[in-house]
Amino acid sequence: MKFLKQILDFYINSSIHVALSCYALVRVTFHVFHIQYDEAMALFAFFGTIVGYNFVKYDALVRVKKKPIGIQLKIIAILSFISLVLVGYYFFHLKRIAQIVSVGIFLITALYTLPFFPNRKNARNWAGVKIYIVALCWVGATLVLPLINAEIPFTANFFIKCIQRFVLVFVLILVFEILDLANDDPHLQTVPQTIGVKKTKILGFSLLVPFWVVGILSFDFHDLIINLIMVVMLMLFILFANPNRSKYYTSFWVESVPIFWWLMIEFL
């Protein structure tokens, strides 16, 4: 049992799980816009997420706090290096415009982690900004980038789907912020810190309305049922979120929501 827990912890800590969630959202984008499976785009997003998230999570730990590197962190560093090589490989299989946009997303991620401006903290520690930066990066990586690489023009449907994807990620982050309430720096001014847990949950429930409406606009009964299941699932995660929950509540189950979405599209 202990060995299985160690495997699960490594799976989560190495960002493989969140990378799979990113991959799943790219696959959802392929479905929604009828794009033929693009291995280079999907795997670029998968390995790019491993690199980006591990950089964000462990940069300060090693570079700033200079904590000793354990065995697990060494393995994660090796995995991140291999992922970086694969990101470079798949990068050159993308269209030129997609390459440019992906560099822009990378720069935003770097801004989120590194203090580029004198006497300023990184964007991750800017009061009230974190949730918007993360949500925008996810929309860019899982929706905008695949469409650009497939050379699909931006229509009204594209912007509607961007809103839906932004709402999904925003709501998922709200659950994270509720659980992290006790540990987050008060100066971050996260949503629960600013308006309280109860109002944050109400906000999350309210945001699921446009998510559902977008599903209705698709005029596809199959997608409509799946979106309804998604709304119910998200409502339950919001409802039962509290600072006393186990870390697996968010780091595994909540981050599994995009994977469930993709699997429902594929198999229901």
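Residues numbered from 1 in each chain as written. Predicted model: local features only at pLDDT ≥ 70, side-chain atom pairs only at ≥ 80, totals over all residues. Heavy atoms only, no water.

Peer 1: Please explain the overall build of the protein as it appears in this structure.
Peer 2: For the protein, the count of helices and strands is 12 helices and zero strands. From first element to last, N terminus to C terminus, the protein shows the α and β order α-α-α-α-α-α-α-α-α-α-α-α. Burial analysis of the protein (268 residues in total) assigns 46% to the buried set. Partitioning the contacts of the protein with sequence separation of at least 6, the portion at a separation of at least 24 is 72%. Split by element, the accessible area of the protein, about 14,300 Å² in all, is 71% carbon and sulfur. (Helix = DSSP H or I, 4+ residues; strand = E, 2+ residues; numbered from the N terminus. Buried < 20%, exposed > 50% of the residue type's maximum accessible area, 1.4 Å probe, protein only. Contact = heavy atoms within 4.5 Å. Areas by Shrake-Rupley, 256 points an atom, 1.4 Å probe, with all protein chains shown as cover.)

Peer 1: What exactly am I supposed to notice about the packing of helix 7 (residues 156-179) against helix 10 (residues 221-239) here?
Peer 2: For any two helices packed against each other, the geometry comes down to the angle between their axes and how far apart the axes lie. Relative orientation of the contacting elements helix 7 and helix 10 amounts to 25°, with a least axis distance of 9 Å. Here helix 10 runs roughly parallel to helix 7, going by the angle between their axes. Seen from above, helix 7 lies across helix 10 with left-handed handedness. Between helix 7 and helix 10, the residues in contact are Q164, L168, V171, L172 and V175 and N227, M230, L234, F237 and I238, respectively. Of the residues in the contact of helix 7 with helix 10, the class split is eight nonpolar, two polar and no charged. (Axes fitted to C-alpha atoms, helices over the stretch in contact; angles between N-to-C directions. Parallel < 35°, antiparallel > 145°, perpendicular 65-115°, else oblique. Left-handed = near helix turned anticlockwise from the far one by under 90°. Nonpolar A, V, L, I, M, F, W, Y, C, P; charged D, E, K, R; others polar.)

Peer 1: Whenever I open this one, the pattern of salt bridges confuses me. Can you help?
Peer 2: Between side chains of opposite charge, pairing is possible as soon as their charged atoms come close. This structure, assessed with the given rule, holds four salt bridges. Between D9 and K247 there is a salt bridge, with the nearest N and O atoms lying 3.8 Å from each other. Remark: K247 occurs in the loop between helix 10 and helix 11 (248-253) and D9 occurs in helix 1 (residues 2-13); sequence separation between them is 238 residues. We classify D9 as buried; its relative accessible area is 12%. A salt bridge links R27 to E266; its shortest N-O distance comes to 3.9 Å. Of this pair, R27 sits in helix 2 (residues 16-32) while E266 is found in helix 12 (residues 257-267), placing the two residues 239 residues apart along the sequence. Residues joined in a network through salt bridges with shared partners are K5, D9 and K247. (Salt bridge = Lys/Arg side-chain N within 4 Å of Asp/Glu carboxyl O.)

Peer 1: Whenever I open this one, the nonpolar core confuses me. Can you help?
Peer 2: F44, L168, M230, V257 and W261 are the most contacted members of the largest nonpolar core, which has 67 residues in total. Counting only elements with at least two residues in this core, the list comes to helix 2, helix 3 (39-64), helix 4 (71-91), helix 6 (130-149), helix 7, helix 9 (197-217), helix 10 and helix 12. Broken down by element, this core gets its largest block of residues, 13 residues, from helix 7. Dropping the residues within four chain positions of it, W261 is found in contact with L25, V28, Q164, R165, L168, F211, I226, N227 and M230. (Core = buried A, V, L, I, M, F, W, Y, C linked by side-chain atoms within 4.5 Å.)

Peer 1: Help me understand the environment of G52 in this model?
Peer 2: Its location among the elements puts G52 in helix 3. On the basis of relative accessibility, which here comes to 18%, the residue G52 falls in the buried class. Distance in space between the C-alpha atoms of G52 and A110 is 8.4 Å, their sequence separation being 58 residues.

Peer 1: I would appreciate a short explanation of helix 1 in the present structure.
Peer 2: Within an α-helix, residues lying three or four positions from one another point in the same direction, as the helix has 3.6 residues per turn. Over its 12 residues, helix 1 extends 16 Å from the first C-alpha to the last, a length consistent with the 16 Å expected when each residue adds 1.5 Å. S15 lies just past helix 1 and shows a positive phi near 70°. (Expected span 1.5 Å × (residues − 1).)

Peer 1: It is not clear to me how the side chain of T49 should be interpreted in this structure. Could you clarify?
Peer 2: Position of T49 relative to the elements: it lies in helix 3. Residue T49 is classed as buried on the basis of its relative accessible area of 8%. A distance of 2.6 Å separates a polar atom in the side chain of T49 from the backbone oxygen of A45. Apart from residues no more than four positions distant in its own chain, T49 is found in contact with V18, A19, C22 and N54. (Polar contact = N/O pair within 3.5 Å; in protein donor to acceptor, adjacent residues only side chain to side chain.)

Peer 1: Sorry if this is basic, but what is going on with the environment of I148 here?
Peer 2: Among the structural elements, I148 can be located in helix 6. Remark: the alpha-carbon pair of I148 and Q99, spanning 49 residues in sequence, is separated by 9.6 Å. In contact with I148, other than residues within four places in its own chain, are I97, A98, V101 and F154.

Peer 1: Just to check I follow, could you spell out the packing of helix 2 against helix 6 for this structure?
Peer 2: Their axes nearest at 9 Å, the elements helix 2 and helix 6 cross at an angle of 35°. For the element pair helix 2 and helix 6, the recorded crossing hand is right-handed. Taking contact as the criterion, the partners of V18, S21, C22, L25, V26, T29 and F30 in helix 2 are, on helix 6, W138, A141, T142, L143, P146 and L147. Considering only residue class, the contact of helix 2 with helix 6 consists of 10 nonpolar, three polar and no charged.

Peer 1: Is there a simple way to think about unusual backbone geometry in this case?
Peer 2: Trans peptide bonds make up the majority, and among non-glycine residues the majority have a negative phi. Even without being a glycine, H34 presents a positive backbone phi close to 55°. Among the structural elements, H34 can be located in the loop between helix 2 and helix 3. Residue classification places H34 among the exposed residues on the basis of a relative accessible area of 72%. One non-glycine residue, E151, lies in the positive phi region at around 60°. When you line up the elements, E151 lands in the loop between helix 6 and helix 7.

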